[in-house]
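So the chains spell out like this:
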Amino acid sequence: LVLAAAAGATSLLAAFVLRDPTPGDGAADATATDGGTGPVGADASVEPERAVSWRAMIRTREFWLLYADFVAVNGVGLMVLEKVVTYGSQLGFTGVQATAAAALIALGQGMGVLFGGAASDKLGPKRTIAGSLFLSGIAVCGIVAAGRFRLGWVFVACAGLVMFFRSPAFGVLPGVVNQRSGQAYASENYGVMLTAKLWGGVFGGTITSLLAARVGW
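Below or above, wherever it landed, is the structure these notes cover. (Residues numbered from 1 in each chain as written. Predicted model: local features only at pLDDT ≥ 70, side-chain atom pairs only at ≥ 80, totals over all residues. Heavy atoms only, no water.)

### Thoughts on the packing of helix H7 (residues 168–181) against helix H8 (residues 186–194)
Here is step 1 of the chain: One can describe the packing of H7 onto H8 by two numbers: an axis separation of 10 Å at closest approach and a directional angle of 130 degrees. By the angle between their axes, H7 is oblique relative to H8. Of the two possible hands of crossing, H7 and H8 adopt the one that is right-handed. Where H7 approaches H8, its residues Phe170, Leu173, Pro174, Val177, Asn178 and Ser181 are matched on the opposing element by Ala186, Asn189, Tyr190 and Met193. (Axes fitted to C-alpha atoms, helices over the stretch in contact; angles between N-to-C directions. Helix = DSSP H or I, 4+ residues; strand = E, 2+ residues; numbered from the N terminus. Parallel < 35°, antiparallel > 145°, perpendicular 65-115°, else oblique. Left-handed = near helix turned anticlockwise from the far one by under 90°. Contact = heavy atoms within 4.5 Å.)

Below is the structure:
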């Protein structure tokens, strides 16, 4: 009830405070770029607006590469999110450490989206997604290594890092889909991309539970 009231009050406050940017706020800077491919503004050459439907989008290799990335991102993230407390308890870590890992996961996930958006503007979306996936995998290895050597607080830190480096994809992929396919079908195209969460959930929840039961942690 308290959280619901806080969310409602925040929404009402935002309605009074937030305003659309005006030209004087730098919203129409002619020196801005579109992610490193060229200038955006009055002097930029105008390209025809893309209008790629989801049927055409799924015929491209780039879509399936991004789709596989999204499945991996969701699978790893949900695996850690659902299993980190149980895994920490199985390793003999204290309840405080296991709970701290769960709390740091939430913090890392929120901060990772902000980091990913900023990194994408500087490095480009492809490098950002590839780098975040690689570092997320390294952090998963860190969780396992910390568990083997009984390093409780390293375990906690690595759990947070997994989610921190897993989250940038959620901030970057909508822009990538919009850039590649255009705005005409942007909602349905991203909706198709989001179906990857289903397969990530199957891996992160069902399959990892079966593996833990049959093979062990």
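After that view of the structure, there is still more to cover.
### Points about helix H6 (residues 152–166)
Here is step 1 of the chain: The terminal C-alpha atoms of H6, which comprises 15 residues, lie 21 Å apart, in line with the 21 Å expected from a rise of 1.5 Å per residue.
Here is step 2 of the chain: Burial of H6 is extensive: 11 of the 15 residues sit out of reach of the surface.
Here is step 3 of the chain: All buried positions along H6 are accounted for by Gly152, Phe155, Val156, Cys158, Ala159, Gly160, Val162, Met163, Phe164, Phe165 and Arg166.
Here is step 4 of the chain: On its buried side, H6 packs onto helix H3 (61–90), helix H4 (95–123), helix H5 (125–148) and H7. (Expected span 1.5 Å × (residues − 1). Buried < 20%, exposed > 50% of the residue type's maximum accessible area, 1.4 Å probe, protein only.)

### A look at the pattern of salt bridges
Here is step 1 of the chain: All chains considered together, the criterion is met by 2 salt bridges.
Here is step 2 of the chain: The residue Glu62 makes a salt bridge to Lys126 at a minimum N-O spacing of 4.0 Å. A residue pair is termed long-range when its members are at least 10 positions apart, and Glu62 in helix H3 and Lys126 in helix H5 qualify at 64 residues.
Here is step 3 of the chain: Judged by relative accessible area, which is 57%, Lys126 ranks as exposed.
Here is step 4 of the chain: Residue Arg180 is joined to Glu62 by a salt bridge in which the shortest nitrogen-to-oxygen separation is 3.4 Å. Of the two residues, Arg180 sits in helix H7 while Glu62 sits in helix H3, which places them 118 residues apart along the sequence.
Here is step 5 of the chain: Accessibility expressed as a relative area gives 29% for Glu62, which makes it partly exposed. (Salt bridge = Lys/Arg side-chain N within 4 Å of Asp/Glu carboxyl O.)

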